[in-house]
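Tertiary structure, described
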There are 2 protein chains.
Amino acid sequence: MSTTSLIKSPSGVSTGPIGGSRKVYASPRSHSELRVPFREIALSDPAEPPVRVYDTSGPYGEADPVIDLRLGLDTPREAWIRKRSYSAIAGRPTRPEDNGHATGERLVEPCPARRTLRAGAPGQRVTQLEFARAGIITEEMVYVAHRENLAREEAVADAADRLGDGESFGAAIPAFVTPEFVRDEIACGRAIIPANINHLELEPMAIGRNFLVKVNANIGNSAVSSGVAEEVEKLVWAIRWGADTVMDLSTGRNIHNIRSWILRNAPVPIGTVPIYQALEKVGGDPLKLDWEVFKDTLIEQAEQGVDYFTIHAGVRLAYVPLTADRVTGIVSRGGSIMARWCLAGHRESFLYERFDEICDIMRRYDVSFSLGDGLRPGSIADANDVAQFAELETLGELTKVAWDKGCQVMIEGPGHVPMHKIKANMDKQLRECGEAPFYTLGPLTTDIAPGYDHITSGIGAAMIGWFGTAMLCYVTPKEHLGLPDREDVKTGVITYRIAAHAADLAKGHPAARLRDDALSRARFDFRWEDQFNLSLDPDTARAYHDATLPKDAHKVAHFCSMCGPKFCSMQITRELRRDAAALQGMAEKSREFVASGGAIYVPAGD
Amino acid sequence: MSTTSLIKSPSGVSTGPIGGSRKVYASPRSHSELRVPFREIALSDPAEPPVRVYDTSGPYGEADPVIDLRLGLDTPREAWIRKRSYSAIAGRPTRPEDNGHATGERLVEPCPARRTLRAGAPGQRVTQLEFARAGIITEEMVYVAHRENLAREEAVADAADRLGDGESFGAAIPAFVTPEFVRDEIACGRAIIPANINHLELEPMAIGRNFLVKVNANIGNSAVSSGVAEEVEKLVWAIRWGADTVMDLSTGRNIHNIRSWILRNAPVPIGTVPIYQALEKVGGDPLKLDWEVFKDTLIEQAEQGVDYFTIHAGVRLAYVPLTADRVTGIVSRGGSIMARWCLAGHRESFLYERFDEICDIMRRYDVSFSLGDGLRPGSIADANDVAQFAELETLGELTKVAWDKGCQVMIEGPGHVPMHKIKANMDKQLRECGEAPFYTLGPLTTDIAPGYDHITSGIGAAMIGWFGTAMLCYVTPKEHLGLPDREDVKTGVITYRIAAHAADLAKGHPAARLRDDALSRARFDFRWEDQFNLSLDPDTARAYHDATLPKDAHKVAHFCSMCGPKFCSMQITRELRRDAAALQGMAEKSREFVASGGAIYVPAGD
């Protein structure tokens, strides 16, 4: 199968809404021109309002989307960006090394979609941070506010109760998100909107501890496997199930041209690790890396529209020997590349030394920093060690430099960390990095379950999300073992949506529990279809149900396969409630009984 | 397929060790007659000692076990129990209602294995608690100590460091478990050894917060599905992957006879919920239940050798109305049955009123209590409500009654609880129930992911295990949707082994990290086979690896499919380490540099 032929065909990607729901767009009252996407789940009980949920699927999630991958997606941001009067630029020409010198049959053609390329000028406001500090509320901020509110125009009735119920460890989650609140969070660096001015297809989103917890999914080919068609479909597949951002970690040939297909067809922020491509350009030898090839790569990718870059500028020469006694040394690819570079020539990292210049480049396009944790622990034994924390302190120092330069920043975090050491990571990150958003990989809470590391890490992710991490980088079942396939990507995303939602509930996010409550009411009422449709993965829920009780009649039966009709606790409870008069009279008495210490044992016979 | 014919055949159950390991038996120096089971994983690096892990698989895990399900397993406890001089009893004859009046073709034959039936007399010591209080160390206690130590004869070298590293929230985990420590923990009610004197096939184990965290798996047929052959294999399959105890939640016909097959072939403690069978005996109508039928069922099951009973004696009449405003009412089967019984006649629960008599029966056989949480929350909305906590207070009161009667006790816990409300459950349980072991179902940390509730609950299970829960009741992917099949049982058990192990690490269990460290060293050394074999599920780890890199050569390659050879961080780190001289000289300097606040940004060009 030719990779390019699949890319030309809309049928090559998954489209249509998740079963039992439909894509809707809502506009904030103040901005009728903005179309903010949601997914709406209609319920079978007329007394139950439809449930609107956050949706990351982009136009692919519409019922009959008109999608031509060669033209790319619509460009909702074009009008907003045009108003900001940036200079059109010619752009850096593509060079043979950008695609690993692939030629002929082996060269993937670039996505033919054409966009006006732009760059900010010195002194011109470009980044969301610069606008926020100037008191300007951008379209992106308004959009994000409406999205975070799930299109509510006011706080949910009992939001104060809900918030009081949670424990947010010092976060300041509001009952209702206003555009001004978004601006303020960005201005102080506590949140970012990763949104390259050359990524016009983007549906903006925010990453910050006072917003809903986000999830990143990684895609990317590597030297040993994968092709371009799979990568675009992986993007579409990952956002279908709820990935808020996607990192393209491709290495190998055709890296530039594959990325062009991804970006022109991505409604979510795309992140990359530029050092990977820089290394490809120098034939894979870390010692041949230098500032010029790295700088060239930054510009190349920024012009394409990449929204955030992982930059491992905290791996300083002096920290490398601190990893000597570790059980698993350095496990970050970027970290190990830079460590090798530093140590071979006994040189300070050029990423660290040129950090000012990196900021200047990224600011021109509003590429956000994701300051990489190149020295993150790769095993329980290495968690929270001196190397890891030394780097984190440097990332805190670099955060302030980037902020001074007007750049948006988030900070990457571990890795492998046992439960009792997770909170120390969060607390130190908040302290060192001035509350810049934390973006963690898991963490994995044990090393002993390869094949199940979505679970070992989902535990840590839920906890650190509760403690304050703003975005969770997913881990798939294939972590440590192989490259994730389609099912692995889905499993990874769903697992991390669970972790993120559990964190939102625990933090007391005002709207988080609406969906849990709607699903639990459906469960208690035996509205099976509603229960499936409200779940994160209706297809799997329905299939599991049908595996035991396939008959349609069972989907309206007032019992289920777990207990059968005689032992159905919910059915028995319903019978209990029928005696409503008895219950109403007794409820108050029962409370009195309990309050008066009635639970005192009276021996039988007395 | 006839269910009975499969049961006759040893080939009907899974035997043999998990790949890459072998079953071994070790004896404590002081008791050469005890054969305590472990699994030993030999590693390919001669410098790496074999890793011994806790093993629950029983004789089934041996390489070529001689197993005849009709004869039952060997009876290691026969000699110990015989010494204790209990009276042989005739036993209650089986009655038609014990098997739901099944006859002819529909009647499953009972397991023909014959054992001497015994019961303790008044004043005679029977329970492990009674022995412990009398200062007597039983064989079960010695066995358990050796098992908890993973057959170590002394503390691991750096156990003190390991313990200092963890956070156990007031537990008192020793560096090394002595038989006397086990006795003391049981004497004060902080641990139990569920071990009916009629369950001679049992390999004893302990449940308590100062021991390794345990996992329970549920099996059982129900009115709508399943048969006897599947149930025995489910037991064997569940313990193969690490279930420490198994609850038989069967309802429907043949319940007595199926249980006879399970018990005679179970090396792990078996728990039941007697009210289920009692309800079957009265034709499924809760209102027809009474003390006599329940008492009869207790004796019937105790004589068979059931090790612990879930008794929902905390569902008092006065608490039932407290559930009236809940989103999901009462979700415990036993709880709803008793609630219906109480409310229909406005009567106090006979389980509560006859609790003394229940204790007297259970003591005679040393059946442990698992005091059921019939009012546990079934949704996030209902967590930690007044009904749940009122019942928990009553369970605390009943714990003390049972202890006074000489019975061992653990306490069941929720359920559905968001992360920020989990610790309150643990703290209240410890306080109300005098540190009796807590045994929780999950808890599930969100309601929105049916199909993935092993994960929503694995998060909560790891956390509450860390906080002090002694045993975690597994949840499978089919929870809320259908009956688990073979793969679901395995997934549920592995997920809960992850949660339990993550908890052991976080609590600072002295030996827990040995396996993580051995696996991480194997990973760093690219000893792929060792990595697979050390994992909780070698089959899945190997299969996932082979899906991307099937060639055998890749299993010794110094890179893997995730990054390929050029981007392999571990390979690069190894190259770094080759320059050992440079590293050694620098490591000390680096520490000085970090200590002196060296991480101060120096702008490029200065």
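Predicted, not measured: the structure shown is a model, and the values here were computed from it. (Residues numbered from 1 in each chain as written. Chains lettered and ligands numbered in written order. Predicted model: local features only at pLDDT ≥ 70, side-chain atom pairs only at ≥ 80, totals over all residues. Heavy atoms only, no water.)

With that settled, consider the UniProt feature "binding site: [4Fe-4S] cluster" (unreviewed entry) in chain A. UniProt annotation of "binding site: [4Fe-4S] cluster" (unreviewed entry) refers to Cys560, Cys563 and Cys568 of chain A when read in the numbering used here. Structurally, the position occupied by Cys568 of chain A is in the loop between helix 20 (538-548) and helix 21 (569-578). (UniProt positions renumbered as here; feature names shortened; annotations may be inferred. Helix = DSSP H or I, 4+ residues; strand = E, 2+ residues; numbered from the N terminus.)

For the pair chain B and chain A, the best superposition has an RMSD of 0.0 Å and corresponds to a rotation of 180° with a translation of 0.0 Å parallel to the axis. The superposition of one copy onto the other is thereby described by a two-fold rotation axis. Ranked by how close their C-alpha atoms come to the rotation axis, the residues of chain B are headed by Ile459 of chain B, at 2.3 Å. The overlap is high: 100% of the interface residues of chain B also sit at the interface in chain A, so the same surface is used on both sides. (Least-squares fit on C-alpha atoms with pLDDT ≥ 70 in both. Contact = heavy atoms within 4.5 Å.)

Time to look at the side chain of His416 of chain B. Relative to the helices and strands, His416 of chain B resides in the loop between strand 13 (409-413) and helix 15 (422-432). We classify His416 of chain B as buried; its relative accessible area is 6%. One polar contact links His416 of chain B to His480 of chain B, side chain to side chain, over a distance of 3.4 Å. Look past the residues within four positions of His416 of chain B in its chain and what remains in contact with it is Arg523 of chain A together with Pro377, Gly378, Ser379, Ile380, Ala383, Leu444, Asp447 and His480 of chain B. (Buried < 20%, exposed > 50% of the residue type's maximum accessible area, 1.4 Å probe, protein only. Polar contact = N/O pair within 3.5 Å; in protein donor to acceptor, adjacent residues only side chain to side chain.)

Residues and elements named next belong to chain A. For Gly334, the position within the fold is in helix 11 (residues 333-345). Using a relative accessible area of 0% as the deciding quantity, one classes Gly334 as buried. For the pair Gly334 and Val273, spaced 61 residues apart in sequence, the C-alpha separation works out to 7.7 Å. Residues contacting Gly334, with those up to four places away along its chain left out, are Ile275, Tyr276 and His312.

Moving on, we come to the packing of aromatic side chains. Residue and element names in this part refer to chain A. In total, this model carries 26 aromatic pairs over all chains according to the counting rule given. For the ring pair Tyr308 and Tyr439, a centre distance of 6.2 Å and an interplane angle of 90° mean the geometry is edge-to-face. Of this pair, Tyr308 sits in strand 11 (residues 308-311) while Tyr439 sits in strand 14 (residues 438-441), and the two are 131 residues apart along the sequence. Summarising the burial analysis for this pair, Tyr308 and Tyr439 share the class buried. (Phe/Tyr/Trp six-rings, centres within 6.5 Å; stacked < 30°, edge-to-face > 60°.)

All right, on to the pairing of strand 14 (residues 438-441) of chain B then. Each regular strand shows side chains that alternate between the opposite faces of the sheet. Residues and elements named next belong to chain B. Side chains of strand 14 alternate between two faces, with Phe438 and Thr440 and Tyr439 and Leu441 buried alike. As paired strands, strand 13 and strand 14 are joined by three bridges and run parallel to one another. Bridge assignment links Ile411 to a residue of strand 14, and that residue is Phe438. Taken together, strand 13, helix 15 and strand 14 constitute a β-α-β crossover, and its handedness is right-handed. (Pairing = 2+ DSSP bridges. Right-handed = clockwise from strand over helix to strand, strands pointing away.)

Residue and element names in this part refer to chain B. Strand order in the open sheet formed by three strands is 1-2-3, with antiparallel pairing between adjacent strands. At either margin of the open sheet sits one strand with a lone partner, and together these are strand 1 (21-26) and strand 3 (51-54). Strand after strand, the sheet turns through a mean of 40° between neighbouring axes, direction not considered. Across four bridges, the pairing between strand 2 (residues 36-41) and strand 3 is antiparallel. Looking across to strand 3, one finds that Phe38 is bridged to Tyr54. (Axes fitted to C-alpha atoms, helices over the stretch in contact; angles between N-to-C directions.)

It is worth spelling out the interface of chain B and chain A at this point. Listed per partner, the contact involves 136 residues of chain B and 136 residues of chain A. Carbon and sulfur atoms make up 69% of the surface buried where chain B meets chain A, a total of about 11,800 Å² over both sides. Remark: the boundary between chain B and chain A carries two salt bridges. Residues Lys421 of chain A and Asp165 of chain B are paired through a salt bridge, measuring 3.0 Å at the closest nitrogen-oxygen approach. At the junction of chain B and chain A, the tally comes to 18 residue pairs in polar contact (both at pLDDT 80 or more). Among the elements that line the side of chain B that touches chain A, the one with the most residues is helix 17 (residues 486-507) of chain B, at ten residues. The residue inventory of the side of chain B that touches chain A, partitioned by class, reads 72 nonpolar, 36 polar and 28 charged. (Buried area = accessible area lost by both parts, 1.4 Å probe. Salt bridge = Lys/Arg side-chain N within 4 Å of Asp/Glu carboxyl O. Nonpolar A, V, L, I, M, F, W, Y, C, P; charged D, E, K, R; others polar.)

All names here are of chain A. An ideal rise of 1.5 Å per residue puts 20 Å on 14 residues; helix 10 (residues 291-304) measures up with 20 Å between its terminal C-alpha atoms. Burial of helix 10 is extensive: twelve of the 14 residues sit out of reach of the surface. Listed as buried for helix 10 are Trp291, Val293, Phe294, Asp296, Thr297, Leu298, Ile299, Glu300, Gln301, Ala302, Glu303 and Gln304. Turning to helix 10, the residues buried within the fold contact helix 8 (255-264), strand 10 (270-272), helix 9 (274-281), strand 11, helix 12 (350-353) and helix 13 (355-365). Structurally, the start of helix 10 carries an N-cap: the backbone nitrogen of Glu292 is 3.1 Å from a side-chain oxygen of Asp290. (Expected span 1.5 Å × (residues − 1).)

All names here are of chain B. Read once around its circumference, the closed barrel built from eight strands follows the order 8-9-10-11-12-13-14-15, with strand pairing classed as parallel. Adjacent strand axes in the sheet meet at a mean angle of 25° when their direction is disregarded. Of the pairings in the sheet, the one linking strand 10 (residues 270-272) to strand 11 (residues 308-311) comprises two bridges and is parallel in character. Residue pairing for strand 11: Thr272 is matched across the bridge by Phe309. In the packing of helix 8 (residues 255-264) onto the sheet, the strands contacted are strand 8 (214-219), strand 9 (245-248) and strand 10, and the crossing angle to strand 10 comes to about 155°.

Along the chain, the position of Asn257 of chain A falls in helix 8. Contact partners of Asn257 of chain A, with chain neighbours within four places excluded, come to Asn99, Leu107, Val108, Glu109, Pro110 and Cys111 of chain A.

Turning next to the UniProt feature "binding site: Zn(2+)" (unreviewed entry) in chain A. In the numbering adopted here, UniProt assigns the feature "binding site: Zn(2+)" (unreviewed entry) to His416 and His480 of chain A. Spanning 65 residues, the named residues form one tight spatial group whose C-alpha atoms are at most 12.2 Å apart. Excluding residues within four positions of it along the chain, His416 of chain A makes contact with Pro377, Gly378, Ser379, Ile380, Ala383, Leu444, Asp447 and His480 of chain A together with Arg523 of chain B. Polar side-chain contacts of His416 of chain A include one of 3.4 Å to the backbone oxygen of Gly378 of chain A. In this fold, His480 of chain A is placed in the loop between strand 15 (471-473) and helix 17 (486-507).

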